[in-house]
Amino acid sequence: MTTTAHRFRAAVESRDLAALEDLFTEDIRLFSPVKFTPFEGRPMVLGLFGVLLRTFEDFRYVGEFTGAAETGTDGAAAPAEVLVFRAAVGGREIHGIDLLHFADDGRIKEFTVMVRPQSAVHALGEAVLTGLVADGLVPAAP
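Since the model is a prediction, treat every value here as computed from it, not as a measurement.

Quick notes on the rules
Residues numbered from 1 in each chain as written. Predicted model: local features only at pLDDT ≥ 70, side-chain atom pairs only at ≥ 80, totals over all residues. Heavy atoms only, no water. Core = buried A, V, L, I, M, F, W, Y, C linked by side-chain atoms within 4.5 Å. Buried < 20%, exposed > 50% of the residue type's maximum accessible area, 1.4 Å probe, protein only. Helix = DSSP H or I, 4+ residues; strand = E, 2+ residues; numbered from the N terminus. Contact = heavy atoms within 4.5 Å. Polar contact = N/O pair within 3.5 Å; in protein donor to acceptor, adjacent residues only side chain to side chain. Pairing = 2+ DSSP bridges. Axes fitted to C-alpha atoms, helices over the stretch in contact; angles between N-to-C directions. Phe/Tyr/Trp six-rings, centres within 6.5 Å; stacked < 30°, edge-to-face > 60°. Lys NZ or Arg CZ within 6 Å of the ring centre and 35° of its normal.

Moving on to the nonpolar core. Phe8, Leu20, Phe24, Phe49 and Phe56 are the most contacted members of the largest nonpolar core, which has 37 residues in total. Of all the secondary structure elements, the ones that give two or more residues to this core are α1 (4–13), β1 (24–31), α3 (42–55), β3 (57–70), β4 (77–89), β5 (92–102), β6 (108–116) and α4 (118–134). The dominant element in this core, judged by the number of residues it contributes, is α3, at seven residues. Those residues in contact with phenylalanine 8 that sit more than four places away from it in its chain are Leu20, Leu23, Phe24, Phe49, Tyr61, Leu83, Asp98, Leu100, Ile108 and Phe111.

If you want it as structure tokens, here you go:
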């Protein structure tokens with residue numbers, strides 16, 4: 001059986017942004033280590049993934065765990081999956097996890113990304129901001 005998490009993983013690994021669209025709810029929220037407030041809504045999250053797919057070097061998933069966890073949105077427990085990844089940004093090695101929470105229809109309704117070390121978070125934040133500005137998704141800083 002192909003789950004949403006497996007379809008998500010395959011889309012990311014093949015850098016297929018179009019395949020991600022149907023996997024997200026309209027009101028998806030993505031919590032990122034580079035921004036205090038979440039990215040909200042399918043168009044913004046897809047835009048962010050467009051930047052991330054260009055930014056990460058040698059991105060690969062190296063593990064997965066299935067269970068349930070409370071969401072940050074409403075505190076209710078929801079089916080969840082953790083995908084463990086390795087990548088690089090600007091030559092800095094990143095270790096991280098993607099925590100996916102699923103809606104009743106199986107699509108991803110909440111997404112949390114955690115990465116380490118702090119120097120990699122900083123490099124990722126700069127690269128993502130540059131990409132978001134370049135793609136017109138956020139305004140350039142004055």
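Here the narrative resumes, following the displayed structure.
To continue, consider the side chain of arginine 42. When you line up the elements, arginine 42 lands in helix α3. Looking at arginine 42, its side chain comes within polar contact range of the side chain of glutamate 26, at 2.8 Å. Leaving out residues up to four positions away in the same chain, arginine 42 has contacts with Glu21, Phe24, Thr25, Glu26, Ile28 and Arg107.

Across the sheet, which stays open at both edges, the six strands sit in the order β2-β1-β6-β5-β4-β3 with mixed pairing between neighbours. Each having just a single partner strand, β2 (39–40) and β3 make up the two edges of the open sheet. In this structure, β1 lies alongside β6, joined through four bridges in parallel fashion. Its bridge partner being in β6, phenylalanine 24 is matched across the sheet by isoleucine 108. Set on the sheet, α4 makes contact with β2, β4, β5 and β6; between it and β5 the angle comes to about 70°.

For the rest of this paragraph, the subject is the packing of aromatic side chains. Under the definition given, this model contains 10 aromatic pairs. The interplanar angle of 50° and the centroid separation of 5.2 Å between the aromatic rings of phenylalanine 56 and phenylalanine 59 together place this pair among those described as tilted. The pair formed by phenylalanine 56 and phenylalanine 59 is uniform in burial state, with each residue classed as buried. Aromatic ring contacts, followed pair by pair, group Phe8, Phe24, Phe49 and Phe111 into a single cluster. Its end group placed over the ring of phenylalanine 39, lysine 35 keeps NZ or CZ at 4.7 Å from the ring centre.

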